[in-house]
Each structure stands twice: as structure tokens, then as C-alpha cells.
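Architecture and fold: a report
Next come the chains, spelled out residue by residue.
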Amino acid sequence: MRPIFLICALLGWFATTDATVFLKEQFLDGDGWKSRWVESKHKSDYGKWRLTAGKFYGDAEKDKGLQTSQDARFYAISSRFEAFSNEEKTLIVQFTVKHEQQIDCGGGYVKLFPADLNQADMHGDSKYYIMFGPDICGYDTKKVHVIFNYKGQNHLIKKEVKARDDEHTHLYTLVLRPDQTYEVKVNNEKLAWGNLEDDWDFLPPRKIRDPDAEKPADWDDRVLIDDPKDTKPEGWDKPENIPDPDAKKPDDWDEEMDGEWEPPMIPNPEYKGQWKPKQIDNPKYKGSWVHPEIDNPDYTPDSTIYKFDNIGVIGLDLWQVKSGTIFDNFLITDDEKTAENFAKESWGATKGPEKKMREQQLEEERKQRDEKSSKDDMKDEEKDAGGGDEDEGLDEEGEYDEEEEEEENEFDEIPDEAGPLEEEEEDEDAPAKDEL
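Note that the coordinates shown come from a computational prediction; the quantities given were computed from them, not determined experimentally.

**A short note on the pattern of salt bridges**
Oppositely charged side chains may form a pair once their charged atoms are brought near each other. Under the defined criterion, the tally for this structure stands at 29 salt bridges. Notably, a salt bridge pairs R36 with D29, separated by 2.7 Å at the nearest N-O pair. D198 is the partner of R206 in a salt bridge, and the nearest nitrogen-oxygen pair spans 3.7 Å. Its relative accessible area of 42% is what places R206 among the partly exposed residues. Taken together, the shared-partner salt bridges in this structure form one network comprising R177, E183, K190 and E336.

**A few points about the side chain of N296**
Mapped onto the elements, N296 comes out in the loop between β20 (293-295) and β21 (311-320). Reaching out from N296, the side chain makes a polar contact with the backbone nitrogen of D298 at a distance of 2.9 Å. Discounting chain neighbours no more than four positions away, the residues touching N296 are P204, P205, R206, K207 and I208.

**So, empty space enclosed by the protein**
Once rolled over the atoms, a probe with the size of a water molecule shows which space is left empty. Tallied over the full model, the rule gives one cavity of 30 Å³ or more. Counted as a void, the largest cavity has a volume near 120 Å³. Lining the largest cavity we find 13 residues, and of these D63, T96, T169, D328 and E354 sit closest to its centre. Classifying every residue of the lining of the largest cavity gives four nonpolar, four polar and five charged.

**Remarks on helix α4 (residues 336-345)**
Buried within α4 are the following residues: T338, A339, F342 and A343. The buried residues of α4 occupy an angular sector of 135 degrees when the element is viewed end-on, so they sit on one face. Among the exposed residues of α4, those oriented more than 90 degrees off its buried face are K344 and E345. Next to the buried residues of α4 lie β1 (21-25), β6 (91-99), β12 (169-176), β22 (325-333) and α5 (347-386).

**What to know about the pairing of β22**
Along β22, nine of the nine residues are buried, which leaves the element largely enclosed by surrounding structure. When β1 meets β22, the two strands line up antiparallel, connected through four bridges. Paired with V21 across the bridge in β22 is T333. Bridging between strand β4 (residues 65-68) and β22 involves two bridges; their strand directions are antiparallel. Along β22, the bridge assignment pairs Q67 with I326. Note that β6 and β22 share seven bridges and pair antiparallel. Residue pairing in the sheet places I92 in a bridge with T333 of β22.

**Here we look at the nonpolar core**
Formed by 59 residues in total, the largest nonpolar core has its most connected members in F148 and F330. Residue contacts for F330: discarding those within four places in its chain leaves L23, K24, E25, F27, W37, Q94, F95, V110, I314, L316 and F342. Grouped together as the second largest cluster of nonpolar side chains are five residues, I92, V175, L331 and A339 included.

**Here's the deal with a negative patch on the surface**
On the surface, D251, D252, D254, E256 and D258 cluster together into a patch of negative charge. Topologically, D252 is positioned in the loop between β17 (241-243) and α3 (255-258). We classify D252 as exposed; its relative accessible area is 67%.

What counts as what
Residues numbered from 1 in each chain as written. Predicted model: local features only at pLDDT ≥ 70, side-chain atom pairs only at ≥ 80, totals over all residues. Heavy atoms only, no water. Salt bridge = Lys/Arg side-chain N within 4 Å of Asp/Glu carboxyl O. Buried < 20%, exposed > 50% of the residue type's maximum accessible area, 1.4 Å probe, protein only. Helix = DSSP H or I, 4+ residues; strand = E, 2+ residues; numbered from the N terminus. Polar contact = N/O pair within 3.5 Å; in protein donor to acceptor, adjacent residues only side chain to side chain. Contact = heavy atoms within 4.5 Å. 1 Å grid on protein atoms, 1.4 Å probe; cavity = no way out; pocket = protein on both sides within 12 Å on 5 of 7 lines; lining within 4 Å. Points joined across faces, edges and corners; volume = space filled by probe spheres on them. Nonpolar A, V, L, I, M, F, W, Y, C, P; charged D, E, K, R; others polar. Arc of directions from axis to C-beta. Pairing = 2+ DSSP bridges. Core = buried A, V, L, I, M, F, W, Y, C linked by side-chain atoms within 4.5 Å. Patch = residues over 30% accessible without salt bridge, like charges linked within 9 Å, V, L, I, M, F, W, Y side chains within 5 Å. Areas by Shrake-Rupley, 256 points an atom, 1.4 Å probe, with all protein chains shown as cover. Lys, Arg positive; Asp, Glu negative; His and termini not counted. Charge placed at Lys NZ, Arg CZ, Asp CG, Glu CD.

Here it is, written out as C-alpha cells:
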């Protein structure tokens with residue numbers, strides 16, 4: 001058992017050492033990213049980037065990434081690495097996207113550029129090799145772009161690959177192999193796969209309709225025909241509408257002025273519609289005629305569609321209405337196992353804690369709402385129990401009536417004990433002792 005184990009371990013070691021990582025970016029060195037990433041100056045009002053783990057995360061340091069920070073802006077930033085060609089190599093492009101702002105409309109994709117890109121002038125029309133990642137806008141657009149440049153033209157995948165549009169971090173992986181097959185994975189789940197020729201329109205079709213072929217004149221492709229023995233019943237033909245037999249000419253109808261009176265029309269209860277003979281199987285039916293195809297003379301196979309000769313820059317060139325997306329865990333390699341291990345160590349390790357933290361935040365927000373609602377209800381109950389109204393004394397515009405307030409102040413100024421003059425008046429009204 002031990003020799004077999006050693007052999008397996010050595011094979012695994014050799015497989016690992018053969019892997020090449022062209023780019024690995026996790027933003028673990030604070031502001032060091034600013035020396036590796038170049039913001040385009042093609043436009044003066046590009047949105048600004050910042051390094052953050054966001055409002056919730058699985059690890060405060062490991063989950064830090066580049067975040068869009070301004071609404072309704074274009075963004076353009078890129079990072080250079082040693083140029084390479086993927087000829088006869090597998091190419092894996094992988095990164096994570098977190099739309100914690102619950103994105104309404106905006107891109108979350110990356111682009112791979114030729115090494116000769118002028119990063120300071122990168123913009124939407126800059127030539128790129130590959131564009132890959134989510135694009136979301138409203139309810140209709142929630143897809144993963146997979147676009148390849150072939151002979152100067154950008155070609156979109158013909159399949160619909162659904163993107164994730166929630167607020168959590170998601171892992172996007174593109175695998176492109178030298179046998180011209182591909183895979184698109186989201187959170188390590190394979191969503192699209194196949195052959196480049198089949199799923200993109202890089203080349204003319206292999207087959208075309210034979211221009212010289214025509215359907216024979218006697219080819220009968222009717223499945224059913226009218227029954228020649230079926231005849232229309234007598235009395236079938238009845239008008240669709242008839243004059244209303246209960247209608248009467250108005251007494252004040254003047255034929256000289258109003259013309260000849262005619263009763264209104266009503267649906268005919270005896271009307272049966274247009275008669276059609278019943279259908280029977282066609283005894284001469286030969287099936288649907290299929291146009292024969294021939295080899296397309298304009299088709300030439302190309303086994304190098306997958307190949308890009310001078311890959312050297314990765315960029316984020318996108319538009320967002322609502323900012324807040326965080327990009328992280330960039331990886332470009334030629335080994336699928338390396339990409340899987342990196343995904344497990346990064347996104348795989350923090351996705352659970354991130355979800356837990358968000359759930360705790362939502363629960364705390366729910367409790368605060370409930371407490372506020374309970375306090376508001378208690379205030380309403382106390383106000384109702386007191387029979388008073390906090391707005392009592394307010395005028396129509398919600399302000400206290402100044403005149404009423406002044407009158408109340410005048411009453412407040414009256415002293416509790418009577419003055420000398422008031423005592424004299426009271427004495428005059430009182431009866432004298434002689435009168436008692």
C-alpha cells in the first residue's frame with residue numbers, strides 16, 4: 001500500500017507543479033493594489049473604486065475587494081500580468097462578484113485584453129479577447145456573458161446562462177480547452193458546456209440547403225383532407241343576423257323626415273356558422289418534405305478558435321446604475337484543479353460565515369422594526385386611554401392659536417387674593433348689621 005500511496009502523491013505533486021498561475025489577486029496587502037491596478041483616464045468622470053469587505057462578510061480581511069462606490073457611473077480599471085498564449089493549454093478565468101447593493105442594472109463581468117493595451121486609455125471600445133461574467137438589468141436581463149473575439153469580431157454565446165442577482169458573493173468560472181470545448185460554472189455548478197463551433201457563430205454552417213433541390217410537384221404533405229363523401233345538410237344556410245321580430249316603429253317616426261323605417265338586426269338563433277366538411281386521414285400523405293442539405297463550400301474548419309496569442313491584461317470595464325459591487329479572488333491559470341482548490345480556499349471558506357453574518361444583521365433589523373412598532377402602538381394606546389389629543393389646541397395649519405394662549409395667560413395673571421378695592425365692593429353689597 002505504501003508504494004502505491006507514494007506514487008499517487010508524486011503524481012499529484014507533478015500535476016500541481018505543472019500548473020501555471022498567470023494572475024492571482026485577493027487584495028490582501030492593504031493599499032498595495034493601487035500599484036497593480038491602473039484606472040483609465042479615457043474619461044474624466046469614471047466612477048471611483050475603494051477597497052472594502054462590504055457591510056457583511058465571512059472574513060473581514062480575506063473578503064476585501066474592489067468595490068464600485070458612485071451611482072450611475074462608468075468604471076474602467078485594469079491590471080497587467082506577464083503575457084502568455086493559451087495555445088495547446090487550458091485557460092481558466094475565475095473571480096467572485098458580490099452585488100451587496102441588490103443591483104438593479106449594471107455589469108459584473110471581466111475582460112481579458114491583449115498585452116499591448118494602453119491601460120490609461122482603456123474604454124468600452126478597446127479590443128479584448130474574452131468578456132465573461134454576470135450582467136443584470138431589470139427583470140429581463142440576468143445573464144452570464146461569454147463573448148470571444150474571433151478574427152476581429154465579438155461573438156456572443158447562443159445559450160442563455162442565468163446569473164445570480166442576490167446580495168451574496170458568487171463564484172464565476174470559465175474553462176476553455178484546446179480541444180475547443182468549454183464550461184461555464186457558477187458557484188462550482190456547471191451551467192453551460194459544449195463545443196465552441198456549436199454554441200457560437202464563429203464559422204459558417206457546415207451544411208446548407210441544396211439550392212438545386214425542390215419539393216416534387218406531386219408531394220402531398222397534408223395530414224388531413226376534407227371527406228369527399230360528407231355533404232352539407234339541407235337548411236344549413238341561415239343568415240347570421242335577422243330583423244328583430246318584436247321591434248315596432250316608433251309612433252313619432254316621420255318617413256318624410258327620417259326615411260323608411262327598418263327594424264334593428266339581432267343574432268339569428270338558427271344560424272349555425274359556415275359549414276365545413278369533416279376531416280379524414282389523407283391516404284396520399286407522404287410526410288413533411290425535408291429539404292436536402294449539402295456540404296457548405298464556404299465552410300472551413302478551424303481548430304484554433306480557442307487560441308489567443310498575447311493575453312496580458314485583465315480589466316473591469318462596465319456601467320452601474322446603483323453602485324456597491326465587490327470584485328475579488330481573481331485567478332487566471334491553465335490548471336482546472338488549481339482553480340478548484342483556490343475556489344475552495346477563498347470563496348468556499350467564507351461563503352458560509354458571510355451568509356450567517358447577513359442573516360444575523362437581518363434578524364437584528366427585524367427586531368428593531370418590531371420594537372419601534374411596539375413603542376408606536378403603546379403611544380397610541382396611551383393617547384387613546386387619556387382621552388386627550390396631542391394636537392388639541394392646534395389650528396388648521398397645525399399651530400397653536402395665539403389668541404387662545406394669550407387669554408389663558410391673562411387668566412393666569414389674576415391673583416388669588418382680592419385687593420382693597422374688591423373688598424370695598426364686597427362690603428357695599430353685604431347687608432348692614434342694623435338690617436339683620
